[in-house]
Structure formats: C-alpha cells, structure tokens
Amino acid sequence: MSFSDNANSISWLIGGPQGSGVDSAANIFAKTCAKEGFHIFGKREFYSNIKGEHSYFTIRISEKPVNSHLEDVNMLVSFDAETVFRHADKVSPNGVIIYDSSLAETVLDEVPTIDFEANKRIGKLLQDSGLSQKLNGMLDLARSRGCTVYGLPYYEMIEAVGRNLDDPKLSKLSRVVNVMAISASLSLLGIKKDMLISAIKDVFGSKPKLLSSNIEAAEYAYSYINTKFDAKNIKCKITPNAVLKDYVLISGSQAAAIGKILGGCRLQTYYPITPASDESEFLESNQIINQVDGKRGSIIVVQTEDEIAAITMAIGAALTGVRTATATSGPGFSLMAEALGWAGMNEVPLVVTMYQRAGPSTGLPTRHEQGDLLFTINAGHGDFPKIVLASGDIEEAFYDSIKVFNFAELYQLPVIHLLDKAISSSIQTSKRFSNELKIERGRFKRDIDKDPSPGTAGHFRRFKLEDSPISTRVPLGTENAIFWNTGDEHTEEGHISEDPENRNKMMDKRMKKLELALEKIAEDDKAACYNFDSNTKNVVISWGSTKGAILEALERLTEEGSKLGFIQVRLLHPFPTGTIKKFLNNARLIIDVEMNYSSQLGSLVQQYTGREIDFKIVKYNGRPMSTTEIYIALKAILSGNNERRIVLDGGT
Amino acid sequence: MAELKLADYKTTVHNDWCPGCGDFGILNAIQMALSEMQIPRHKAVIFSGIGCSGKTPHFINVYGIHTLHGRVLPFAQGAKIANPDLEIIAVGGDGDGLGIGAGHFVGAGRKNVDIPYLIFNNEVYGLTKGQASPTLRLGEKTKSLVTPNTNNSVNPIALALVSGFTFIARSYSYDVKHLKDTIKRAITHKGLAFVDVLQPCPTYDDIHTREWFQGKNKPGSENLIPRIYKIEESGYDGIIHDESEVNKKMSKILEFSSEWGDRIPIGIFYQNELVPSFHERIAQNINDYFERPPSHQEISDAEKKPTARIDKILDKLQIND
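The text that follows walks through the structure, step by step, so that each part is easy to find.

1. Quick word on the pairing of strand 14 (residues 387-390) of chain A
Residues and elements named next belong to chain A. Side chains of strand 14 alternate between two faces, with Ile 387 and Leu 389 and Val 388 and Ala 390 buried alike. Where strand 14 lies against strand 15 (residues 414-420), 4 bridges are found, and the strand directions are parallel. Within the sheet, the bridge partner assigned to Ala 390 lies in strand 15 and is Leu 418. At this point the chain moves from strand 14, through helix 15 (residues 394-411), to the parallel strand 15, and the crossover so formed is right-handed. Both strand 14 and strand 21 (residues 571-573) contribute to a ladder of 2 bridges, which runs antiparallel. Residue pairing across strands places Leu 389 opposite Leu 571, the latter belonging to strand 21.

See below:
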C-alpha cells in the first residue's frame, strides 16, 4: 500500500555528499517553486559529518499548504552515485530520476561512504531482482517500475559552461553542479526559468562572481534538457499556482528566533549543539533590532564554555529583568537540570528552548526523535514548578516563542519550549507572521516604594507570602528592594531557612503556581483538537512535530470515509488533565502516535486521565514520521489489525 | 545622599561560621571596601557559590545571589553582561572555583567580563567536613583526611594568568587592610579580576594555620618571621603599560606563583587594562551597548505591544517582493 500525492503536487528529493551544496540547491529549488506559487515543505537529513557523507533534502511542492513529507519520491535529483543507490527504490512508478550519466557503471562496493549495513541492503535488493551491482542496475530497477531516467553528462556540461564564461578553472566551476541538477529538474517540471534566475539572485545576489557562474550553469542545464529530451510526456508535472502573496519561506529555528525577538528576548546564551545552534546563529545575525518607537534595540547572543554556563549565565541575566533564553538539545539539557531547579527555587523567569534529537547519550546526533518528553517534564531534583510547552509546527514555533516568555514572567518560573529537529531544520512556506499577542510581564516592577512591613531581617520581601503565589519581582539594581536569592530553602527575603513551617509555606507557594497556570492558560494552548467533535469515537493523540503528518493522514482517511479525531497536546507540564479528560470522554478508541520508543505521552495520558491507550504507533529509527506511514498504520488499526504497538521504520 | 557607614553594609542575619574562621576577615574587608567606595547599596550585587564562603552575601546588606556549587562565575557574568551598571562581586571557595567550577574559571578568563572574583582559599572543603580541596598539595594530610592527599594541587595564580584574567592578586584574610585595598583595586579594575585570598580554616586545616602563616615552625629562625611578604614593598609593579611588557612579567608572575612555604608573596601580580573587556567587545558589534544594555531596553509599550519590529527580517525571507 502506498500513499500517492494529490494531483497538483510532487515530492522531490536531492542528495549528494555533505559540503557539495545540497542544502543551498534545495533552498534555491524551494524558493523557485514558491515564487511560482507552490506551497513548500522541506526536510533535511544529514550525517554527523562535515564533508563527504550522504545528505539529502526532500521537498514537497503542492498547490495546497503542506506540512509533512511522504515516503515516495516523484523526482530524484542526483549528481553522485550514492544518492541513486540509496534512494532510487523510493521513486514512485511514474517518477523521474536525474543522474550523472558518466557514473552508470559505478559498482556499489566502490562507493566508500555507503556504510556496511546500507551496502548489504542495497546489494541484496539488486541481487534479488536479478540485476547487476552497478548504478545501472538501480536505474534498471526503477525503469522496470515505470520510472523515467535522465542521464546528464555533468562534466561535459560544466566544460561548456566554462567555455561560455571564458573561465578555464573547471575544478572551481564544478561546484555549480548542484545548480545544474536543480535547473534540469525544474526544466522537466515545466517551471519557468525566470523564477529560477530570480531565486538564484536571492541567494547569491551579494556575490557577483558566484552569481554569474550559477546563472550561466542554470541557463545551460535548463536549455540542455529542452533540446536533448522531450519532457512533454513526463508524468510528474505541475501547473503553476496563484502567486503566494505575503508568504515567507522559513525554517523552524528561524521562526523561533524571530518569535524571540518580537517577544522581547534580549539575551540568549548557548553552547554549540545540533540542531539547536542554528537558532542562536540566526539571532546573532539579527542582533540589532528595529523598534516601532524608532529607537534601536539589540539582542546579545553569548556562546559559553558549556551548557551549565549557558543556563546559569542566562539566569544571572534574567535577574536583571531581561527576558533571557538559552537554546539546547538533549545532551546539553541534561547538563542544565541542576540550574533549572535553582531557577524554580528562586522564581526566575527563564526560557529554555529545547530542540530534541535522537538520544540517548550522543544517540543519532543529527536525526529525529521526540524522546525527551518525560525527561524534560521531570528534569531537576526535588519538586519545583516549571512549564513545558510543545509546538506542533513552524508557525506554532513562532507564536509559542512569544507565549513562553509570557508564561515565564506571569508565573515567575522556568519554561521549556519543546521543539525537535523535524521542526527546527525543516522549511515551509508560511503566511507572514502577524502578531496580536501582548507582552505580559506579570508582577514585574522597576520602581518600588520602601516596604512598610519588611521581613524579619528588615528587608524587602521578594518571596512575600500572600494570597497569590506570585510575588512582586524587581530587577537587581532597584532601590528600596534589596533581596537575596539562594538555592537553599529561604525566607520571604531570600535568606537561608531550615524552619519546617517556613519550608511548607514556601513549597506550597511555589507549587501552587502550577495550579494557577492551569487555571489561566488558554484552552488552545493546553491542547488543540482537529477533525473532532463531541461524538468523535476514534481519537489520535500526539504532541509536537508529528502534527502535520497526522493531519494529512486523517484528511485522506476522512475522504475515504473513516473519520478520526486528533488531539494535539501542547501543554505537557503541568498536565492539562481536565482538558484531555473532556476530549477523551466519548472516545472509544485511543491511538497514541509518537516519535519515541516508549510512548511517553501515552504514559502521561494513562497516569493523569486513567484512560488506557488502545493502540500505540511509535518510531525511533531517527527519521521523522511520514504521512504515508501514519496513514498506513492507522488504516491497519481501523481494519482490525490487533497489533497493539506498531513500530514505523520509514526513511533513508 | 547621606554618607553610607560601614554598618549600613551589614545585615543582622545570624552568622554561623566557626569561631576564628578566616571568612570573617574577608567579609569585613568586602564591607569596608564597599563603604569606602560609597557604592550605593542597591547598585551592588554579591554573587557566591556553595560552601561556607557561599553564605557571604547573606551578611552583606546589598543584593545577594547565592548560586550553585561551582557556577558563581557564569551567574555573575550573565548579570553583568545584561546590566553593566551593576557593581558585581563574585565570591566562592577554592573547591567551588578550582574544582567543580574550574571550567568556568578558564571560560571566564577568555571573556574578561568586568567583575572581581574572590576565592576564599583554605585548602579544604569545610562545609562537607574537611575533604581535600584542589589547592591542598600532594601528600599533605589535614585533620579529616584518612590518608595523605593523593591529588596534586592546582596553582590558582598561574591558572588565572594562562586563562586570561587581566587582574591577578593575592591577599591574606588576617591582613584585612591589605585585603580591603586589594579588593578596591579589583573592583575598579576594568575587566575580570582574580583575588586569591589565603585563609586558614581553624576547624579542618591543621597544617596551614594562622600560627603557621605567622611563622611558627619556620626552620632556621628563633623568632616568628611571617611567611607572607608584600611584593609591592620590594618595588614590584604588576601594571602593564605596554603590551611588550607582558611576556617578561608573565615569567615573573609564574615565579611568584610557585613560591610557597617559607616565603609567600601577596599583592597585585598583574593588571592589564589593554585587553578589551567583554563589554567593549560587545560594543564593537552593538555600538550603543553601554547606553542601552539589555536590562535598559523597553520591550513593550503602554498597551503591552512589542516594541520590536520584525518586518525587515521577514522581508529577507519573503518569497515575492
């Protein structure tokens, strides 16, 4: 069973050695298609390596908004042998493969970057099909399924471009092979050349020499296809859409960074880690901030010696009244656990943007997983309040980046914004963000009168015990408000206290913030439901980046007459028990979908609502869930499959 | 504004350090320095780590942030970067700063954030009952150790030098005047300042006691001759006036740093304000940083709307112009 894409959309893939421009080629391709009016969803896959290992970029182009990828590829674009060996079997029956014709005789064993496991798998596939162990064998296999293959003599084409440019330095010029490959594919797809040239200008506009060679290469490859091949009959073709007005092509980490800037974050610390560093780098390259009042703002991005320094430095900065964040991934977050408790103990508003990747330990450092949910909500020793909010897609990542700062200040506690690599590194066409959200600073004050009833040591009561668990907060440096902070249990003034009565009062004060947060946080921020009404009997429950793939699978199932509701849990801690119970009240069948081994959300649902999860769909091979495989798994469950736990294994 | 007296910098919080603890001298010296410099109380913040020394802020009547074990430097740097107008002093023990926090000690040296950092150096982990700290020498056996120390010691002065601290000094907790003057110099220094404060632990360090520092058991002398001597008295000047002096002075500082036993140098070994502070480095990229540091920026207007504009950033990502 497969999942064919809608009529006016295709799934496109480019691969190549890391460092050969796969990423920039894919970005140019995506931008070209977006300029033509198509919606884009792009997904990056790469090894933990700088140069040479295989990386690839999948892009879906569609007349409708898309937010997930599929297993099948309609067009495979390559300029090396490995890409063909690794991906040709994923090309759909009517699909297209573009390859380097000079590599047709390459033998599988001669490609050193194809690891032993993959080599064995591909070798067996060829052997079982009775084909040679050569690239040609892979192509024959594709041909036998009905694919069309286009061989391009890249070397000769580069020579021709060199002649046209009057530039004999072919080794340098060979870098344009990536642009030639995408240009050829755009030509086959029938996308206008003007759009491609305009996208190349967007990317290389500031580098005139690169610009001219890339444009020449693009022009050459584009017309080469037109003159050498008859592309009229190719079956994967798309027709232009209406222009996307006021749309951006944006990655999740960019969206989160822009949200931080708008949300008032003025200091961010980080220690380099995949996939979190992209966000900090984007922030740093936008460190000067324009303001509506004409003044200039700025955000300081500090690279620290480790993640412990990153979080503690962020807390120190937050004490001066600045909205401060740090961004990291699992291994770094593990190091931050102790300091997170200090922020909880001292009621410091702090945002930790946590970009999950596949663990445990170093795990699959450049791959996908949602394996840190339980760790994140339980991070740190002892009981202290924190809020954990998970975004489901790139657009949510933007708005949530503002909301998490509001939560941090309203409730004076650390907030963890949970994202993962599937959101941070993916790109998407998105309507330009508009913002109606307000900056809520809660009980934060810059000026304060002398406390008429100071604490027992005669000082301002930063942790004043009163009706609300939220006390007045001032930045360090405020007159009349000298206070103390300590990781020890403390008095209202912040001095160390081991008194049992004070201990209970302070624990109660801090932990009550969780009740307050559950009472005040909007229902939409606790959980969102889709395809759902009070009569919905079959319910899919999930969280985070699986949202797009689930929604599209459900849309297809609805078209086929099987309606499933979807509950996307957004607030993971404190757990919105009441909201989830309400949604699950009439559910007959609950299917939990998560990109981890142990169905971590499922265990929370069981723990808090008492409802058993009927079916679990999980994935932990480091590759994100595709719409295809979720669709297939749900269909199997609906048609009476009684496997209680389905492990998905898609992806290359 | 009325003059602030020494008493104004003291809190009434009960001090639970052991009688005779060297920490008292350091506490007094910090309070005296703040008072002599008339630093407004609300403008000063003492950051501390964990251990006996970690309690210091609670006894000083300025803002006090008692942080985590080993992490005082990043906490303090974060606050100073966000608000350079604050007068921040970081304090901590030798285990705190040179054991668990050694990575931050080195990291801080590379940044050169404008703060003084005092290490209360007593060679033991006092609050956990006297284990060997990173400054206790190999083979030494203080009271609580079961066997002589199996670790070698770290040289704090040399470590500070190679890590990039731009002010390096040593003082002694029972010479409160010298210590107070050193702290004042560390506060006024532009950049990261390190003060290694030698401090007997009367409860757990039975080797390097107050009497030992006074000259007891010093071979070849009948009278007590203090082991500590002041380098300024021998005409040494640690200030770097020209980058060309650095190498020569470095070897002299390393020489000072390895002196121990019969003669222990105290004073200002090194002060180099030619190295740009972290703040000056930020101002290279954000030129109004000192006027509008993060803590001074208004992020929302009266209607709580964000002041930031993101349109130009989005323009760059826009698909069609």
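2. Observations concerning the interface of chain A and chain B
With 71 residues of chain A in contact, the opposing surface of chain B contributes 56 residues. Top contributing element to the side of chain A that touches chain B by residue count: helix 12 (residues 307-318) of chain A, with 8 residues. Pairing analysis gives 3 bridges linking strand 17 (residues 484-486) of chain A to strand 2 (residues 63-66) of chain B, with the strands arranged parallel. Looking at strand 2 of chain B, one finds that A:Trp484 is bridged to B:Gly64.

3. Side note on the sheet that holds strand 8 (residues 193-198) of chain B
Read across the open sheet, the 9 strands follow the order 17(A)-2(B)-1(B)-3(B)-4(B)-8(B)-7(B)-10(B)-9(B); overall the sheet is mixed. Strands at the two margins of the open sheet, each flanked by one partner only, are strand 17 of chain A together with strand 9 (228-230) of chain B. The sheet shows a mean angle of 20° between the axes of neighbouring strands, direction not considered. Relative to strand 4 (residues 116-121) of chain B, strand 3 (residues 87-93) of chain B is paired through 4 bridges, and the arrangement is parallel. Bridging from a neighbouring strand, B:Ala90 pairs with B:Tyr117 of strand 4 of chain B. In the packing of helix 5 (residues 156-163) of chain B onto the sheet, the strands contacted are strand 4, strand 7 (167-172), strand 8 and strand 10 (264-271) of chain B, and the crossing angle to strand 7 of chain B comes to about 165°. Helix 6 (residues 176-188) of chain B rests against strand 3, strand 4, strand 7, strand 8 and strand 10 of chain B of the sheet, and its axis sits at about 165° to strand 7 of chain B.

4. Things to note about the sheet that holds strand 24 (residues 645-648) of chain A
Backbone-to-backbone hydrogen bonds join strands into a sheet, with any given pair of strands oriented parallel or antiparallel. All names here are of chain A. Pairing within the open sheet is mixed, and its 6 strands lie in the order 18-20-19-22-23-24. Since the sheet does not close on itself, it has two edges, and those belong to strand 18 (527-530) and strand 24, each with one partner. This sheet shows a mean twist of 20° between the axes of neighbouring strands, independent of strand direction. Pairing geometry for strand 23 (residues 615-619) and strand 24, over 4 bridges, is parallel. By the bridge assignment, Lys 616 is partnered in strand 24 with Arg 645.

5. Quick word on the environment of B:Ser295
One can find B:Ser295 in the loop between helix 9 (278-285) and strand 11 (308-309). Exposure remark for B:Ser295: the 23 C-beta atoms within 10 Å place this residue in the buried category. Taking the C-alpha atoms as reference, B:Ser295 lies 8.9 Å from B:Pro84; in sequence the two are 211 residues apart. Apart from the residues within four sequence positions on either side, B:Ser295 is in contact with A:Thr320, A:Gly321, A:Val322, A:Pro475, B:Ala82 and B:Asn83.

6. Considering the pairing of strand 8 (residues 265-270) of chain A
All names here are of chain A. The element strand 8 is largely enclosed, with a buried count of 6 among its 6 residues. In this sheet, strand 12 (residues 323-328) lies alongside strand 8 in parallel orientation, the contact comprising 4 bridges. Looking at the pairing, Leu 267 lines up with Thr 324 of strand 12. Across 4 bridges, the pairing between strand 8 and strand 11 (residues 300-303) is parallel. Note that in strand 11 the partner of Gln 268 across the bridge is Val 301.

How each quantity is defined
Residues numbered from 1 in each chain as written. Chains lettered and ligands numbered in written order. Predicted model: local features only at pLDDT ≥ 70, side-chain atom pairs only at ≥ 80, totals over all residues. Buried ≥ 20, exposed ≤ 12 C-beta atoms within 10 Å, placed from the backbone. Helix = DSSP H or I, 4+ residues; strand = E, 2+ residues; numbered from the N terminus. Pairing = 2+ DSSP bridges. Right-handed = clockwise from strand over helix to strand, strands pointing away. Contact = placed C-beta atoms within 7 Å. Axes fitted to C-alpha atoms, helices over the stretch in contact; angles between N-to-C directions.

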